[in-house]
Amino acid sequence: MGVAGAAIATDISQLVSCVLSLRFLMRVEDDYRVTAKEVRVHKKMAVRIIKVGLPTGIQNMVISLSNVLVQVSVNGYGAAAMAGFAAYMKVDGFNILPVLSFGMAATTFVGQNFGAGKIDRVKKGTFVTLGMCIVYTILTGILLLAFQDPIMHLFTGDETVIAYGKICMLYFCPFYWMLGILQGLAGTVRGTGKSVPPMVVLLISLCLFRIAWIQFALPLFRGHRGRAAGLPGVLGCGCSVDGALRLEGQMDAAPGINFINRTHPIPRWKCILYKK
């Protein structure tokens, strides 16, 4: 069935995953059990979810669009470059997806502790998240570089395609630790209830900077390496802006502040209020 078969298999796997997840949630005997008769829209909660989730969704959508633009520019170098870049992007998930998961976990952890006024735990959780992201990306980067030849041979036997894929690895893998910092800080700031600043940072670094690189810096390079060389600049830009946002005072409130009664004049955007 070719490409159609792969698409159908993907749809079936997602449907099975959805059904099994709902089955588990409807049978579990815990507080988060889902009861079909009680499923309805809670207006206030829905608004809060949209305020946090919509900017993240827009961010991922625009970043995907920028990836398409990069792929289009790569296609100009021919079928071999296109195939090599596409093959590496499959391997790319081993670095990116776990880092995204660390960021989402940081959002949950920070949200709970920030709302409870435990700023010391928020800061500790931030550093632990960054440490895990950096260590993971460095280790996986080393492994991917060490076994780049057999890894690329899993996708194709064409040596030209493999060479292009290895060029991507050479420029991408050593710098994924910056992606870990970028996503870790973004997840932390998002946990404070502010999802717009991380969205803006990621759009500037992963989208606008990338497009600007293709338009203005790429002509200074020769060949496919110019596109791959843009990633360190992209991640460096994001880390700098995200770090500045973090240092600006997103979580600089002193521990022990009463977030419910507002006994300390902290700007509203720096805390999440929980009404009892």
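Residues numbered from 1 in each chain as written. Predicted model: local features only at pLDDT ≥ 70, side-chain atom pairs only at ≥ 80, totals over all residues. Heavy atoms only, no water.

Thoughts on the nonpolar core
Nonpolar side chains in soluble globular proteins tend to be buried together.
Part 1 of the reasoning: Grouped together as the largest cluster of nonpolar side chains are 28 residues, with contacts concentrated most on F85, Y88, V91, M169, L182 and L202.
Part 2 of the reasoning: The set of elements that each furnish at least two residues to this core consists of α2 (43–75), α3 (79–115), α4 (119–146), α5 (148–153), α6 (159–172), α7 (176–191) and α8 (196–217).
Part 3 of the reasoning: In contact with M169, other than residues within four places in its own chain, are Y88, V91, L144, L145, Q148, I151, M152 and P174. (Core = buried A, V, L, I, M, F, W, Y, C linked by side-chain atoms within 4.5 Å. Buried < 20%, exposed > 50% of the residue type's maximum accessible area, 1.4 Å probe, protein only. Helix = DSSP H or I, 4+ residues; strand = E, 2+ residues; numbered from the N terminus. Contact = heavy atoms within 4.5 Å.)

Looking at the packing of aromatic side chains
Part 1 of the reasoning: Taken as a whole, this structure holds two aromatic pairs when the rule is applied.
Part 2 of the reasoning: Note on Y88 and F172: the rings are 5.3 Å apart at their centroids and 65° apart in plane angle, and the pair reads as edge-to-face. Here Y88, found in helix α3, pairs with F172, found in helix α6; they are 84 residues apart in sequence, far enough to count as distant. This pair shows no difference in class: Y88 is buried, exactly as F172 is. (Phe/Tyr/Trp six-rings, centres within 6.5 Å; stacked < 30°, edge-to-face > 60°.)

Focus: a nonpolar patch on the surface
Part 1 of the reasoning: Taken together, the side chains of M1, I8, I12, V16 and L20 define a hydrophobic patch exposed on the protein surface, amounting to about 530 Å² of accessible area.
Part 2 of the reasoning: Within the secondary structure layout, I12 lies in helix α1 (residues 2–27). (Patch = residues over 30% accessible without salt bridge, like charges linked within 9 Å, V, L, I, M, F, W, Y side chains within 5 Å. Areas by Shrake-Rupley, 256 points an atom, 1.4 Å probe, with all protein chains shown as cover. Salt bridge = Lys/Arg side-chain N within 4 Å of Asp/Glu carboxyl O.)

Describing the packing of α4 against α7
Part 1 of the reasoning: Between α4 and α7, the least distance of the axes is 8 Å, while the angle of their chain directions is 155°. Classified by the angle their axes make, α4 and α7 are roughly antiparallel. The way α4 lies across α7 gives a crossing that is right-handed. Two secondary-structure elements touch here, α4 through T126, T129, L130, C133, I134, T137 and I138 and α7 through Y176, W177, G180, I181, G184, L185 and T188.
Part 2 of the reasoning: Per-class residue counts for the contact of α4 with α7 are eight nonpolar, six polar and no charged. (Axes fitted to C-alpha atoms, helices over the stretch in contact; angles between N-to-C directions. Parallel < 35°, antiparallel > 145°, perpendicular 65-115°, else oblique. Left-handed = near helix turned anticlockwise from the far one by under 90°. Nonpolar A, V, L, I, M, F, W, Y, C, P; charged D, E, K, R; others polar.)

Looking at the confidence of the model for the protein
Part 1 of the reasoning: Model confidence for the protein is summarised by a mean pLDDT of 76, while 78% of its residues fall at 70 or above.
Part 2 of the reasoning: Every residue in residues 233–276 is under pLDDT 50, and counting partners more than four places away or in other chains gives 88 contacts. (pLDDT = per-residue confidence, 0-100.)

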